[in-house]
Amino acid sequence: MEILDGKKVSNDIKNEITVAVQEMKANGEKVPHLAAVLVGDDGASLTYVGSKVKTCERIGFDSTLVRMPATTTEEELLEKVKELNENDDIDGFIVQLPLPPQIDTQKVLLAVNPDKDVDGFHPMNFGKMALNLPTFISATPFGILELLERYKVETSGKHTVVIGRSDIVGKPMSILMGRKGCPGDSTVTLTHSRTKNIESIIAQADIVISALGVPNFLKAEMVKEGAVIIDVGITRVPDETKKSGYSIVGDVDFAEVSKKASYITPVPGGVGPMTIAMLLKNTLLARKRHREVTGV
Ligand code: NAP
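Let me sum up the structure you'll find in this document. Note that this is a predicted model, so its numbers are computed, not measured. (Residues numbered from 1 in each chain as written. Predicted model: local features only at pLDDT ≥ 70, side-chain atom pairs only at ≥ 80, totals over all residues. Heavy atoms only, no water.)

## Description of the site of the ligand
The condition is simple: One heavy atom within 4 Å of a molecule or strand is enough for the residue carrying it to be called near that molecule or strand. Each polar contact in these results corresponds to two N or O atoms within 3.5 Å; when the atoms are within protein, one needs to be able to donate a hydrogen and the other to accept it, and residues that are neighboring in sequence are counted only if both atoms are side-chain atoms. The helix count covers DSSP runs of H or I at least four residues long, the strand count covers runs of E at least two residues long, and both are numbered beginning at the N terminus. Side-chain classes follow a simple rule in which Ala, Val, Leu, Ile, Met, Phe, Trp, Tyr, Cys and Pro form the nonpolar group, Asp, Glu, Lys and Arg form the charged group, and the remainder, Gly included, forms the polar group.
In the vicinity of the ligand, 20 residues are found, and the nearest of them are Arg165, Ser166, Ser193, Ile234 and Thr275. Between an oxygen atom of the ligand and a side-chain N or O atom of Ser166, the distance comes to 2.6 Å. Thr275 is positioned with one of its side-chain polar atoms (N or O) 2.8 Å from an oxygen atom of the ligand. Here the shell around the ligand takes three residues from helix H10 (residues 271-294), the largest share from any one element. Taken together, the residues of the shell around the ligand sort by class into ten nonpolar, nine polar and one charged.

Structure representation (structure tokens):
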């Protein structure tokens, strides 16, 4: 069994990006600039956005954190999005989800300029991804592809079972694994809470990508000997032994499943760290494209 070490690979990627930024600086070019919009003060969102901004600074990107109160109206947020779309200094930006209930998330994501949509959530970018055209692939699925690629995990002709059909993980992941190319060329089954006989489907999988958010859902007896296991789940469970009062657990019973798996991602330290690294990779790409278009 080999661990798919997202912490190590994400550090490698960040180092590669740091070198690219240093070259940009040496050539007198503008460095990538990522902005993040955070509406409200949800603790988890604050942590995610904070670490995105901090990582930007560490690798030499410019970054801007836009904080708006939980009472922000849809119009106010759309106005901010418009401002960021028009701000030539910003190469890419994200609107941290979830948004407060008074705001229509789809309306906001649709308002983001697809050329600055480094989260890859805009329907135009999602469509390009589905058609195998160059685009921003959203960070978590992109990170999983990168892990599979760097560890040379064979995906061609394999049966991949994706658990969970969210717009940000399960659905794009199922499309990406079935695309022509490498990683890809898998035969994909997308499962969800209404799937009948889910256990017998998972038992046939060469690759399982679990994105449901149910701690210890995937047990050793459910998976085939030698299966590749990708655990996307992140759930906070109370833990008095931790200073924070909680620990982070995935969807997979790691201790037991790892005994049968050929490759497996740990939680934490698997898919999670890859997500930030791929957001930065998308921002670097946005800068390069911006430069090609504007010459600046
Ligand atoms: P989500 O919106 O929370 O939806 C969960 C999905 O799982 C739904 O499609 C649901 O089916 C399905 N599901 C729930 N219970 C099920 C069951 N018992 N059997 C089969 N399917 C079931 O999904 P998400 O936003 O992708 O989040 C999933 C997990 O990944 C969460 O723990 C989240 O924190 C984590 N996550 C991690 C990262 C990362 O960077 N590592 C990024 C994003 C998300 P229905 O559609 O039928 O309701």
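Let us keep going from here.
## Overview of the nonpolar core
Here is the rule: What is meant by a nonpolar core is a set of buried Ala, Val, Leu, Ile, Met, Phe, Trp, Tyr and Cys residues, joined one to another through side-chain atoms within 4.5 Å. Throughout this description, buried means an accessible area under 20% of the type-specific maximum (1.4 Å probe, protein chains only), exposed means over 50%, and partly exposed covers the range between. Contact between two residues is taken to exist if any of their heavy atoms lie within 4.5 Å; hydrogens are not considered.
In terms of nonpolar packing, the biggest core is built from 50 residues, with Ile17, Phe61, Ile144, Ile209, Ile230 and Val232 touching the most fellow members. Looking at this core, the elements with two or more residues in it are helix H1 (6-26), strand S2 (33-39), helix H2 (43-59), helix H6 (139-150), helix H7 (170-178), strand S7 (207-210), strand S8 (228-231) and H10. With nine residues, the single largest contributor to this core is H10. Discounting residues that sit within four places of it in the chain, Val232 has contacts with Thr140, Ile144, Val169, Ile209, Ser210, Ala211 and Val271. Counting 17 residues, the second largest nonpolar core, distinct from the first, contains Ile202, Leu218, Ala220 and Ile264.

## Remarks on the sheet that holds strand S4 (residues 92-95)
Formally: Any two strands with at least two DSSP-identified bridges between them are counted as paired. Axis definition: a line fitted to C-alpha atoms, over the contacting stretch in the case of helices. Angles run 0 to 180 degrees between N-to-C directions.
In space, the three strands of this open sheet follow the order S3-S2-S4, with parallel pairing throughout. Either end of the sheet is taken by a strand with one partner, and the two such strands are strand S3 (62-68) and S4. In this sheet, neighbouring strand axes are inclined to one another by 15 degrees on average, regardless of whether the strands run parallel or antiparallel. In this structure, S2 lies alongside S3, joined through seven bridges in parallel fashion. Among the inter-strand pairings, Ala35 is bridged to a residue of S3, identified as Thr64. Sitting on the sheet, H2 is in contact with S2, S3 and S4, with an inclination near 160 degrees to S3.

## Side note on the side chain of Thr55
Tracing the sequence through the fold places Thr55 in helix H2. Judged by relative accessible area, which is 4%, Thr55 ranks as buried. Polar contacts involving the side chain of Thr55 include one to the main-chain carbonyl oxygen of Ser51, which spans 2.5 Å. Dropping the residues within four chain positions of it, Thr55 is found in contact with Lys14, Ile276 and Leu280.

## A look at the pattern of salt bridges
Heads up, the rule is: By convention in these notes, a salt bridge is any Lys or Arg side-chain nitrogen within 4 Å of a carboxyl oxygen on Asp or Glu.
As enumerated under the stated definition, the model contains 15 salt bridges in all. One salt bridge in this structure joins Asp12 and Lys8, with 2.7 Å as the shortest N-O distance. In this pair, Asp12 and Lys8 are both assigned in helix H1, four residues apart and thus about one turn of the helix distant. Residue Asp12 is classed as partly exposed on the basis of its relative accessible area of 27%. Counted as one network, the salt bridges with shared partners bring together Glu16, Glu146, Arg150 and Lys281.

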